[in-house]
Amino acid sequence: MPELPEVETYRRFLEEVMLHQTIAALEVKDAHVLAVEEDTLRQALVGRTVTGTSRLGKNCFLLLDSGQVLVLHFGMTGDVGAYRDEPDAPRFTRVAFHLGSGLRVAFIDPRKFGRIRLADSVSQYQSAKKLGPDALDISAAELQARLGKRKTFLKPLLLDQGITAGLGNWIVDEVLFQARLHPERAAHTLTTPDFEALHAAVQLVLSTAIQHEATYRAFPASFLIHAREWDDSATPGTNQHQYCPRHTTTKIDKTYVGGRATYTCPICQPPS
DNA sequence: GTCGATGTTAGCAC
DNA sequence: TGTGCTAACATCGA
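*Asks:* Sorry if this is basic, but what is going on with the overall build of chain A here?
*Replies:* In terms of regular secondary structure, chain A is built from 7 helices and 10 strands. Taking 272 residues into account, the globule formula puts the C-alpha radius of gyration at 19 Å, and chain A, at 20 Å, falls close to it. When the backbone C-alpha atoms are referred to their principal axes, chain A occupies close to 55 × 45 × 30 Å. Burial analysis of chain A (272 residues in total) assigns 50% to the buried set. Pairs at least 24 apart in sequence give 61% of the contacts found in chain A among residues at least 6 apart.

This is how it looks when you write it as C-alpha cells:
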C-alpha cells in the first residue's frame, strides 16, 4: 500500500541492503513493470554500484555510480524484499536485482501497476513528471500559495502529485480529519489558520506513519484510519472502529469525492 | 461469480 | 487553460 510513508520505509530498507553494493545481474521475471527496454536497463545496472538512495513523494531512487538514477514506483501493491536462493523469492517478485554479495533484492508487485525506469537525475525526473515538492518538505505558506486560488475541492487537489508529492487516498482522509476540514471545501475558502492546520496535519500524519513504518494497526487511536473497512485490528471479520475517535457514538461517513472512497466525521468535518 | 481496491494516466466534454 | 468525470491498466482477495 505504498504512499509516502511506505515508500520511505522501502527506501530505508534498500539503503540498508544496497548501499555500496554492486549490481551483479538483473533478473526480469515479468517485463510488464519495466518502463524502459530490458536490455537498456541491464546495461545501465550491471556492474554499477549503488552510491545512495533518495525519495520524492511516492518515488524511490537508487543513485548509481554512473550518475544515472534507477527510479522505482510501487503503484498500488508494490513492495520490496530480499532473499538469497530462488525458492525463497517472495511471491509476485517481478524483478530481482542480484548483488555482488549474493543477496537478491526483489521488486514485488502482485497487480503490476508499479514501474521501474531510468532517469538522468532526480530533478530531471521531477520536472519530466511535473512533481511538486515532497509533502514532508512543503511549508504552510507554500501550500497556501499553491492551493489558495483554486476553486475546486480540497481533496482532489491534495491528491494531485503536481501540487505536492506523496499524499495518497487514505493519508488525505486522515490529514483532513486531523485538520477538521471537509474534503469538499473549495480550496480558495481556506484561511491562513486553515492552511496552518492543514500543514500541521500533514506533518503529524506522515511522521506518525513513518515512525510506525506504515503499519497502520499501530497508529494512535485518535486516527481515522481505524474506521476504514480493511482495518480488522479489533476483531477479525468485524469492524469495531467505525465510529469517530473523538465522537464515539458518531458513525464515520463513507462517500466518494473525485471518484475516490472518502471517509469523514460529520461532526468534526462539517460541510461548508 | 461479483465487487472494490492503496495509483496513474489518457481521453473526452464542457 | 482549467476542470471533472470515466475508463483503463492487472490482479487479488473478500
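More follows now that the structure is in view.
*Asks:* How should the environment of Ala140 be read in this particular structure?
*Replies:* Within the secondary structure, Ala140 is located in helix H4 (residues 140–147). Separated by 59 residues in the primary sequence, Ala140 and His199 have C-alpha atoms spaced 5.2 Å apart.

*Asks:* Quick question: what am I supposed to make of H4 here?
*Replies:* Every α-helix carries 3.6 residues per turn, so stepping three or four residues along brings you back to the same face. Listing the buried residues of H4 in full gives Ala140, Leu143 and Leu147. Buried residues in H4, looked at end-on, bunch into an arc of 60 degrees, giving them a common side. Along H4, exposed side chains directed more than 90 degrees from the buried face belong to Ala141 and Ala145. In this structure, the buried side of H4 is in contact with helix H5 (154–159) and helix H7 (192–211).

*Asks:* What is the right way to read the nonpolar core from this model?
*Replies:* Side chains of nonpolar character tend, in soluble globular proteins, to be buried together. Core analysis: the biggest nonpolar cluster contains 32 residues, and Leu147, Leu154, Leu158, Leu167 and Leu198 have the highest contact counts within it. Among the elements of the structure, H4, H5, helix H6 (169–179) and H7 are those that each provide at least two residues to this core. Top element by residues in this core is H7. It accounts for 8 residues. In this structure Leu158 touches Leu147, Thr164, Leu167, Val172, Leu176 and Leu198, once residues within four positions along its chain are discounted. Counting residues in each nonpolar core, the second largest holds 30 residues, with Val7, Leu41, Leu70 and Phe107 among its members.

*Asks:* Before we go on, may I ask you to explain the pairing of strand S3 (residues 59–64) in this structure?
*Replies:* Walk down a regular strand and you will see the side chains alternate between the two sheet faces. Counting buried residues along S3, 5 of its 6 residues qualify, which places the element largely inside the surrounding structure. In this structure, S3 lies alongside strand S4 (residues 69–73), joined through 5 bridges in antiparallel fashion. When the bridges of S4 are listed, Leu63 appears paired with Val69. Two successive antiparallel strands, S3 and S4, enclose a turn made up of 4 residues, where Gly67 displays a positive phi of approximately 100 degrees.

The rules we used
- The numbering scheme is per chain: residues are counted from 1 as the chain's sequence reads.
- Here every chain gets a letter starting at A, and every ligand a number starting at 1, in the order they are written.
- In view of the model being predicted, local features appear only for residues whose pLDDT reaches at least 70, and side-chain atom pairs are presented and counted only at 80 or more, with totals across whole chains, interfaces and linings using the full set of residues.
- To get the side-chain values, all heavy atoms of the structure are used, and hydrogens and water are removed first.
- Think of it this way: any DSSP run of H or I at least four residues long counts as a helix, any run of E at least two long counts as a strand, and we number them from the N terminus.
- Atoms counted for the radius of gyration: C-alpha only. Globule rule: 2.2 Å times the number of residues to the power 0.38.
- Type-normalised accessible area, obtained with a 1.4 Å probe on protein chains alone, sets the label of each residue: buried when under 20%, exposed when over 50%, and partly exposed for intermediate values.
- Here a residue-residue contact requires only that any non-hydrogen atoms of the pair lie within 4.5 Å.
- The arc in question is the one spanned by the directions pointing from the helix axis to the C-beta atoms.
- Within this scheme, the nonpolar core is defined by two criteria: the residues are buried Ala, Val, Leu, Ile, Met, Phe, Trp, Tyr or Cys, and they are joined through side-chain atoms within 4.5 Å.
- A strand pair is defined by DSSP finding two or more bridges across the two strands.

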